[in-house]
Amino acid sequence: MTIRLPDLRGGLRAYEPRAEPLALTPGAPLTSRTVFSAAHVVADPYADTSPDAPAAVDWDATLAFRRHLWSHGLGVAEAMDTAQRGMGLDWAGAAELIRRSAAEATSVGGRIACGVGTDQIAAGSLGEVRAAYEEQLAVVEESGAQAILMASRALCAVASGPEDHLEVYGHLLRQAREPVILHWLGPMFDPALEGYWGSSDLDTATDTFLEVIAAHPDKVDGIKVSLLDAAREIDIRRRLPQGVRCYTGDDFNYPELIAGDEKGFSHALLGIFDPLGPLAAEAVRVLDTGDVAGFRELLDPTVELSRHLFQAPTRFYKTGVVFLAWLAGHQSHFTMVGGLQSARSLPHFARAYELADRLGLFPDPKQAEERMRNLLALYGVAQ
C-alpha cells in the first residue's frame, strides 16, 4: 500500500510506509552524558478558546508524555521554548506546568529542570526585569526542580550594553540556591533576542557570556547553547571553567557535539529529543559502552529530520514536534496552544512524516499512516 504525499512543486508522489517500527524499549539510566529533552505541551482540543487567549492545556496527556521521556532515562527540560513559552504559553500557564511536572518528576524519580524567564512582563526597567526573573526563580526552586535561566526579551530590549547583562545575571546567580543552567537562545529561535549579551557581534557576546560564568562558576551547573553553530559551541565548550558542563542545543549538529573529540564533549538539552526520545536514549546507552561509531550509526540518520523540522523560520519547529507526537500516538489530536498547528505547510508535514517513518519512530506505523491520510483528506488531497 502506498500513500500519495504532496511535494514542494505542487504535485503528489507515492510513498510506501514502513511496516514495522524500530524496536525501542525503556532501558538502563544514561551514564556517560546528561541528556534532557525539551518537552512540548498538549493542548486541550475541547476548550472554547482563541489563539490570543490563555493556553488551555490537557494536563493528563502532557504529564503522560513526560513519563514517556523519563521511562527511557531522559531528563525533562520543562517550560522551555519547545513548550511554546512566549508563543502560546504565558507565564501563568508555565508556572502551572512547572508545578505539575516537578511534582510528577518527584513521584516517578525523573530528572527535571525548568525555565526561568521574564515573560510575565513585556518590557520594563532593569529593576523590573530582575524582579520578574526573581519571581520565576522562586517558583522553580519551590517546586524542587533545577533552574534554567532563559534569555529574556525584556532584558534584551532595555539593556544598554554588556554591563547590564552582567549586572542582572550576577544578581540572579548570587541568590540562586543551587547551580543553574544558563541558556543562550539565538535569534533564529526568537528574533526578539537579537543582540543578546549586549552585542550583535557574536565574538563580543561570547566573551560577555563567558565572563558571567567565570565570575560565578560555583553557581553554574552548565550552559545550553542554541546558536546552530557547531564551531562556536566547541569554542565555548573549551573555554568553560572546570566543572561547568556544556549542554548542546544545536538541533543541526548534535551527534558530533555529543560524541565529542579528544578535548571534550557536550551533554544535551534538545527540542529534537522530544520526537527522538527513545532513539536518542538508545544511542546514548550505546555511547555509554564506549562505542562512538555505534552511537553515530544510530543518531546520524536522524539529522535530516531534525534539520527539516528546524528549518527557517526556525521558531516554528514546535509545530513539527507536536505533529509527530500526534502521529506517534502520544496525543489524540493535532491541536496546539495558540493555534500554532497552522504554522507549517502541508508539504512540510508530508516530508516530516516520511522522514520519521523511515527512521521507524512511530510505535504503530499503521496508526501514523491513517492519521496522515486523515490530515491529507482535510487539506483536500485525494488518495
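This structure is a prediction, so every number in the text was calculated from the model and none was measured.

Q: Sorry if this is basic, but what is going on with the sheet that holds strand S5 (residues 112–116) here?
A: Within a sheet, each strand pairs with its neighbour through backbone hydrogen bonds, oriented either parallel or antiparallel. If you trace the 8 strands once around the closed barrel, you get S3-S4-S5-S6-S7-S8-S9-S10, paired in parallel fashion. Strand-to-strand, the axes of this sheet are offset by a mean angle of 25 degrees, without reference to chain direction. Pairing of strand S3 (residues 35–38) with strand S4 (residues 75–78), which is carried by 3 bridges, proceeds in the parallel orientation. Bridging across to S4, Ala38 finds its partner in Ala77. Seen against the sheet, helix H6 (residues 202–215) touches strand S7 (180–185) and strand S8 (220–226) and runs at an angle of roughly 170 degrees to S7.

Q: Explanation requested: the pattern of salt bridges in the structure shown.
A: For side chains bearing opposite charge, pairing can occur when the charged atoms are close. With the rule as written, the count across this model stands at 24 salt bridges. Notably, a salt bridge pairs Arg245 with Asp221, separated by 3.6 Å at the nearest N-O pair. Here Arg245 is found in strand S9 (residues 245–248), whereas its partner Asp221 is found in strand S8, with 24 residues between them in sequence. By relative accessible area, Arg245 is classed as partly exposed at 27%.

Q: Whenever I open this one, the environment of Ser50 confuses me. Can you help?
A: Structurally, Ser50 can be placed in the loop between S3 and helix H1 (59–71). You can call Ser50 partly exposed: its relative accessible area is 32%. As for Ser50 and Gly338, which are separated by 288 residues in sequence, their C-alpha atoms are 7.0 Å apart. In terms of polar contacts, Ser50 uses its side chain to reach the side chain of Asp52, at 2.8 Å.

Q: How should I be thinking about the layout of surface pockets in this particular structure?
A: Unfilled space is identified by rolling a water-sized probe across the atoms. Of the pockets and cavities examined, the largest pocket occupies roughly 420 Å³. Forming the walls of the largest pocket are 26 residues, and the residues nearest its centre are Arg85, Gly86, Asp119, Arg153 and Asp190. Counting residues per element, the ones that place at least two in the lining of the largest pocket are helix H4 (153–158) and S7. The class makeup of the residues in the lining of the largest pocket is 13 nonpolar, 6 polar and 7 charged. Computed from the structure, the second largest pocket encloses a volume of approximately 280 Å³. Around the second largest pocket, the lining comprises 22 residues; the ones closest to its centre are His68, Pro278, His330, Leu361 and Pro363. Grouping the constituent residues of the lining of the second largest pocket by class yields 16 nonpolar, 5 polar and 1 charged.

Q: Please explain empty space enclosed by the protein as it appears in this structure.
A: A full pass over the atoms with the stated rule returns 1 cavity of 30 Å³ or more. Estimated volume of the largest cavity: approximately 100 Å³. The wall of the largest cavity is formed by 16 residues, among which Asp81, Thr82, Lys224, Gly271 and Tyr317 lie closest to the centre. Listed by contribution, the elements that provide at least two residues to the lining of the largest cavity are S7, S8 and strand S10 (267–270). A per-class count over the lining of the largest cavity returns 8 nonpolar, 5 polar and 3 charged.

What counts and how
- Residues numbered from 1 in each chain as written.
- Predicted model: local features only at pLDDT ≥ 70, side-chain atom pairs only at ≥ 80, totals over all residues.
- Heavy atoms only, no water.
- Pairing = 2+ DSSP bridges.
- Helix = DSSP H or I, 4+ residues; strand = E, 2+ residues; numbered from the N terminus.
- Axes fitted to C-alpha atoms, helices over the stretch in contact; angles between N-to-C directions.
- Contact = heavy atoms within 4.5 Å.
- Salt bridge = Lys/Arg side-chain N within 4 Å of Asp/Glu carboxyl O.
- Buried < 20%, exposed > 50% of the residue type's maximum accessible area, 1.4 Å probe, protein only.
- Polar contact = N/O pair within 3.5 Å; in protein donor to acceptor, adjacent residues only side chain to side chain.
- 1 Å grid on protein atoms, 1.4 Å probe; cavity = no way out; pocket = protein on both sides within 12 Å on 5 of 7 lines; lining within 4 Å.
- Points joined across faces, edges and corners; volume = space filled by probe spheres on them.
- Nonpolar A, V, L, I, M, F, W, Y, C, P; charged D, E, K, R; others polar.

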